[in-house]
Amino acid sequence: MCGIIGVVGSTETLATLLEGLQRLEYRGYDSAGIALVHAGHTWRARTAAGTESVAALRVECEGAPQDYRSGIGHTRWATHGAPEAVNAHPHLDCSGHVAIIHNGIIENHSELREILTGRGHVFTSVTDSEVVAHLVEELRGRGLELLDAVRHALLEVRGAFAIAVMDATEPDVIVAARRISPLVVGTAPGVSYLASDVPAILDRATAFYAVNDDEVVRLGPEGFRAVDLEGAPVRLRQLQIDWDLETAEKGGYDDFMSKEIAEQPHAVYATLLDRRRRDGSIVFDELRISDEELRDVKRVVLVACGTSNHAAQVAKYAIERWARLSVEVDIASEYRYRDPIVEIGTLVIGVSQSGETIDTIQATREAQRRGARVVAISNIVDSSLAREADAVLYTRAGLEVSVASTKAFVAQVAALELLALRLAQLRGTLAPEEIDRLLEGLHSVSGHIATSLGRRDDVAGVAAQLLDAHDYFFLGRHVGYPTALEGALKLKELTYLHAEGYAAGELKHGPLALIEPGVIVVAVTTDPVMHEKILSNVAEVKARGATVVAVATDDDERIDAVADYVLRVPATQSMFAPMIDIVPLQLLAYSLARGLGRNVDRPRNLAKTVTVE
Ligand code: M6R
């Protein structure tokens, strides 16, 4: 959740750290800080100014020494300890020589703190992370070089970490390590870098390497060497990075979110590009499962969080319909702890934009431990989820910066439906001509999304009428239901207004009691089979005074009579509709949020990648 960066050997240490932190801010922005070291001296600055923390840090750093060649920086999403400067990283040991930054959670921090306090260590924050600084201090006191001190310290901690440690008495070294939380290393002549995410060091490093769990890396101006926790040498795998910095910029849009909404036709197009072989089989990005194994799958479990979970819920309908397999969708954070049943033939699909969401990774690990085969749907190449899975389908949506996920959702649905068709093909549950017809339909989605995007002004016009509303219900049936859930999530995240997503048929079992004048009901009415039923649900809420906004197909002539506002979308095969119907809902949430003066790219209390449980 937090962003970390480090550099050693640079003549532009401060600039590198501040630039990197700016790019990492989307991971967490409760506070920010840096520490620089040089020949026995540590210089530190920390600020807690919410979304302005990095800007405030820049001001704090105006008096920073310019000639220090090593430094670390951190942007924080608070877990243990309030978002105040005293809890901001880097944390120092008692001597002030050891400085650490940490992303993750040290689960046994209370007992370690008690032991260390008993030995005379003085803590200055209430964070879990600070224990590492004092553990390293103790081990340095016993004469261990920094690499070994960090290694031994980490043997004592439980939990998740991407960590970087400096010691002013060994100033040309940074030691970094990882367990669960993401960490990459970069190099350029005479300089080494580390970061939680590649964009932070993209324009500085020329080569990038992935650090795996329980690996410890010693970085110096001359390069790096890596060992495991026992001290045995390990080789880091070089990453193929083909982004440029421009992909992380806003490209002329007001914010990342509108840029990413606009990129959705391309996200779907790119995800589907060159996926089909002559024999009709689908090209995975990585495949360590045989066709026989995939054909013999007995049951599918999808695990994911947030928006990715909504994409997974769409996939349930597609896999059940097309491949005739029983499908369960689990909230990833629930899966691992409910003693899940994994029988022979269980295929688990982990869906995650970042591929670093800890709940999803822990769920797929648990499934693997119990014998399941795992397919990853990830937007980030070489993400932890992708690396650990038996097969990978990358969504090629490109870097998603806005905390609210948009283009990742449509790309995930496209990839999952492709996978559903592959399962149907292997199992012989759809005729080859039917698969061809569906694939053709899937490829036409991109154009329909573009048509929906062209109607953004209509959506903005409706949003302008709704700026005083406080309560929203989103209704849908069949795949319109996960679309409604996703529409409600977007509205919640972006506007901070109350919004619920419901299966329209469920409304009369309780929530109908909440419907009264002033409540806005957004109904996804595009499914031709369920059309009659959803119109009845709309009539039920209308009769109780709700204002109805309907997402309806261009050819729907009945909707104007029952809805107050209609957002039109092109008609398509129902299984593809979520990728098109979600567009006006994203635009509605976006326009309302802008109208209400919200920060659309960085909603309060949230972080782009959730790497803590
Ligand atoms: O990176 P992931 O897809 O695993 O992230 C899952 C959720 O944290 C994410 O979708 C979150 O709900 C977004 N803020 C939704 O807009």
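Criteria and thresholds
- Residues numbered from 1 in each chain as written.
- Predicted model: local features only at pLDDT ≥ 70, side-chain atom pairs only at ≥ 80, totals over all residues.
- Heavy atoms only, no water.
- Pairing = 2+ DSSP bridges.
- Helix = DSSP H or I, 4+ residues; strand = E, 2+ residues; numbered from the N terminus.
- Contact = heavy atoms within 4.5 Å.
- Axes fitted to C-alpha atoms, helices over the stretch in contact; angles between N-to-C directions.
- Expected span 1.5 Å × (residues − 1).
- Bend = angle between axes of the 7 residues up to and from the residue.
- Buried < 20%, exposed > 50% of the residue type's maximum accessible area, 1.4 Å probe, protein only.
- Salt bridge = Lys/Arg side-chain N within 4 Å of Asp/Glu carboxyl O.

A. Representation of the sheet that holds strand 13 (residues 223–228) within the structure. One open sheet holds the seven strands; their spatial order is 5-6-7-8-12-13-14, and the pairing between them is antiparallel. Each of the sheet's edge strands pairs with one partner strand only, and the pair in question is strand 5 (91–92) and strand 14 (233–234). Where strand 13 meets strand 14, two bridges bridge the pair, whose relative direction is antiparallel. Looking at strand 14, one finds that V227 is bridged to P233. Across the sheet, helix 4 (residues 130–141) is in contact with strand 5, strand 6 (98–106) and strand 7 (159–167); its angle to strand 6 comes to roughly 130°.

B. Geometry of helix 18 (residues 577–595). Compared with an ideal rise of 1.5 Å per residue, which puts 19 residues at 27 Å, helix 18 spans 28 Å between its outermost C-alpha atoms and is within 8% of the ideal. Of all the bends in helix 18, the greatest reaches close to 25° and is centred on V583; the proline P584 follows between one and four positions later. Where burial is concerned, most of helix 18 is hidden: 17 out of the 19 residues are buried. Among the residues trailing helix 18, G597 stands out with phi positive, at a value near 75°.

C. Region of the structure containing the pairing of strand 2 (residues 31–38). Burial within strand 2 is extensive, with seven of its eight residues counted as buried. As paired elements, strand 2 and strand 4 (residues 70–76) share seven bridges and run antiparallel to each other. Directly across from S31, in strand 4, lies its bridge partner R76. Two strands pair when backbone bridges link them, and strand 2 and strand 3 (residues 41–47) are joined in this way by seven bridges, in the antiparallel orientation.

D. Region of interest: the pattern of salt bridges. Summed over the entire model, instances satisfying the criterion amount to 44 salt bridges. Across the pair R370 and E366 runs a salt bridge whose closest N-O atoms are separated by 2.7 Å. Accessibility expressed as a relative area gives 10% for E366, which makes it buried. With its nearest N and O atoms 3.1 Å apart, the salt bridge here joins K542 to D564. Within this pair, whereas K542 is found in helix 17 (residues 531–543), its partner D564 is found in the loop between strand 25 (547–553) and strand 26 (565–569), the two being separated by 22 residues in sequence. Since its relative accessible area comes to 33%, K542 is described here as partly exposed. One salt-bridge network, in which partners are shared between bridges, spans R178, D213, E356, R365 and E388.

E. Region of the structure containing the pairing of strand 10 (residues 191–195). With five of five residues buried, strand 10 is to be regarded as a mostly interior element. Burial of the side chains of strand 10 extends over both faces: V191, Y193 and A195 are buried on one face and S192 and L194 on the other. Note that strand 1 (residues 3–8) and strand 10 share four bridges and pair antiparallel. Bridge pairing in strand 10 places G6 opposite L194. The pairing of strand 9 (residues 184–188) with strand 10 spans five bridges and is classified as antiparallel. In the strand pairing of strand 10, A188 is matched with V191. Between strand 9 and strand 10, which pair antiparallel and follow one another directly, the connecting turn spans two residues, one of which, G190, has a positive phi of 80°.

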